[in-house]
Amino acid sequence: MNLEQVGRILLIVAAVIAVTGVIIFIIGKGLGVTKLPGDIIIRRDGWRITFPIATSILISVVLTIIINVVLWLLRR
């Protein structure tokens, strides 16, 4: 594998990460995905702490699927 191929792969991975970030941002704002059952939110006087456990698991699964599909397409 030469440097040109490595550069091409890095560009594809960066593009996939950027598109995934935009999709997650849009879904999080529009569909309320960040308020899934399993996300822990602690509210007190004037502050809030959020532990998005279920959201993190969902994002991890989606990113794993996307990355595996991209790697499968690159191997073809």
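Presented here is a report on the structure given in the accompanying data block. The model shown is predicted, which means the values in this text are computed figures rather than measured ones. (Residues numbered from 1 in each chain as written. Predicted model: local features only at pLDDT ≥ 70, side-chain atom pairs only at ≥ 80, totals over all residues. Heavy atoms only, no water.)

Helix and strand counts for the chain stand at 2 helices and 2 strands. Counting across all 76 residues of the chain, residues that qualify as buried make up 8%. Taking as baseline every contact in the chain between residues at least 6 positions apart, the subset at least 24 positions apart corresponds to 24%. Put simply, the chain shows about 6,300 Å² of open surface, and 70% of that area lies on carbon and sulfur atoms. (Helix = DSSP H or I, 4+ residues; strand = E, 2+ residues; numbered from the N terminus. Buried < 20%, exposed > 50% of the residue type's maximum accessible area, 1.4 Å probe, protein only. Contact = heavy atoms within 4.5 Å. Areas by Shrake-Rupley, 256 points an atom, 1.4 Å probe, with all protein chains shown as cover.)

What follows is about the pairing of strand β1 (residues 40-44). Consecutive residues of a regular strand have side chains that alternate between opposite faces of the sheet. For β1 and strand β2 (residues 47-51), the ladder comprises 5 bridges, and the chain directions are antiparallel. Opposite Arg 43, over in β2, you have Arg 48 as the bridge partner. Between β1 and β2, which pair antiparallel one after the other, the connecting turn spans 2 residues, and Gly 46 there sits at a positive phi close to 80 degrees. (Pairing = 2+ DSSP bridges.)

Bringing the pattern of salt bridges into the picture now. In the structure shown here, the tally under the stated rule is 1 salt bridge. The shortest N-O distance in the salt bridge between Arg 8 and Glu 4 comes to 2.9 Å. Of this pair, Arg 8 and Glu 4 both sit in helix α1 (residues 3-30), 4 residues apart, which is roughly one turn of that helix. Owing to a relative accessible area of 48%, Arg 8 belongs among the partly exposed residues under this scheme. The class of Glu 4 is exposed, set by a relative accessible area of 53%. (Salt bridge = Lys/Arg side-chain N within 4 Å of Asp/Glu carboxyl O.)

When the terminal C-alpha atoms of helix α2 (residues 53-75) are compared, their 33 Å separation across 23 residues agrees well with the 33 Å that a helix rising 1.5 Å per residue should span. Residues Ala 54, Thr 55 and Val 70 constitute the buried set of α2. (Expected span 1.5 Å × (residues − 1).)

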